[in-house]
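Coordinates in review
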Amino acid sequence: MFGKKANKPRGDIDTLIGAETSIQGDIEFSGGLRVDGNIRGNVIATGENPSTLILSEQATIEGKVEVSHAVINGTIVGPIHAYEYLELQPKARVSGDVHYRVIEIKFGAMIEGNLVNQSSLESDEKVVETLSATSEFPNNSQ
């Protein structure tokens, strides 16, 4: 997880939604998308190549987000599905479940929802059985 630069988002931005722009409706994109404005609708990356969403501090998205890489410093009201890498910067505010493979959360970021690690769902080997506080410890002498 640490030191893998392949998981970092790509730096190319193909599309910019400016600070004074408001969009109502779903957006499908490929490549890189930077949002400085407001979107009321789903933001979904298409295509086979990795995609990157960058959401600036003043930007908001009200809808579902599905991308391979995301760097969030604004507000998202809805679920996030980051299939490779998600970075939540200090001003990030998320109201919705967050699905990720690799996540980086900076001090100050806020999440109201569940964190779901997609890597753990793909492999039965990473499932950890939890015990209630009143249960006995399992016998290790098998």
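Above this text you will find the structure in question.
In this report, we go over the structure that sits alongside the text. Owing to the predicted nature of the structure, the values given are computational and were not obtained by experimental measurement.

Formed by 25 residues in total, the largest nonpolar core has its most connected members in L53, I72 and L86. If you list the elements that add at least two residues to this core, you get strand 3 (27-29), strand 4 (32-35), strand 7 (52-55), strand 9 (65-72), strand 11 (80-88) and strand 13 (98-105). Look past the residues within four positions of L53 in its chain and what remains in contact with it is F29, L33, V35, V43, I61, V65, V67, H69, A70, V71 and I72.

Further remarks concern the sheet that holds strand 5 (residues 38-40). The strand order 2-5-8-10-12-14 describes an open sheet built from six strands, whose pairing is parallel. Of all strands in the sheet, those bounded by a partner on one side alone are strand 2 (22-24) and strand 14 (110-112). If you compare each strand with its neighbour and ignore which way they point, the axes differ by 5° on average.

Turning to the side chain of S51, a few remarks are in order. Residue position: S51 is located in the loop between strand 6 (43-45) and strand 7. Residue contacts for S51: discarding those within four places in its chain leaves F29, G31, A45, V67, S68 and H69.

Conventions used here
- Counting restarts for each chain: residues are numbered from 1 in the order of the written sequence.
- Selection of residues for local features in this predicted model requires a pLDDT of at least 70, selection of side-chain atom pairs for listing and counting requires 80 or more, and totals for whole chains, interfaces and linings are taken over all residues.
- Side-chain descriptors were evaluated using all non-hydrogen atoms of the structure, hydrogens and water having been removed beforehand.
- Throughout this description, the term nonpolar core refers to a set of buried Ala, Val, Leu, Ile, Met, Phe, Trp, Tyr and Cys residues connected via side-chain atoms within 4.5 Å.
- Throughout, exposure labels follow a simple rule: accessible area from a 1.4 Å probe, protein chains only, divided by the maximum for the residue type, with under 20% read as buried, over 50% as exposed, and the rest as partly exposed.
- Helix and strand assignments come from DSSP, with helices taken as H or I runs of at least 4 residues and strands as E runs of at least 2, each series counted from the N terminus.
- Two residues qualify as a contact provided that any one of their heavy atoms is within 4.5 Å of a heavy atom in the partner residue.
- Strand pairing is defined by DSSP finding a minimum of two bridges between the two strands.
- In this description, a line fitted to the C-alpha atoms serves as the axis of each element, helices being fitted only across the stretch in contact, and the angle between N-to-C directions of two axes falls anywhere from 0 to 180 degrees.

Any link to function would need more than the numbers given here.
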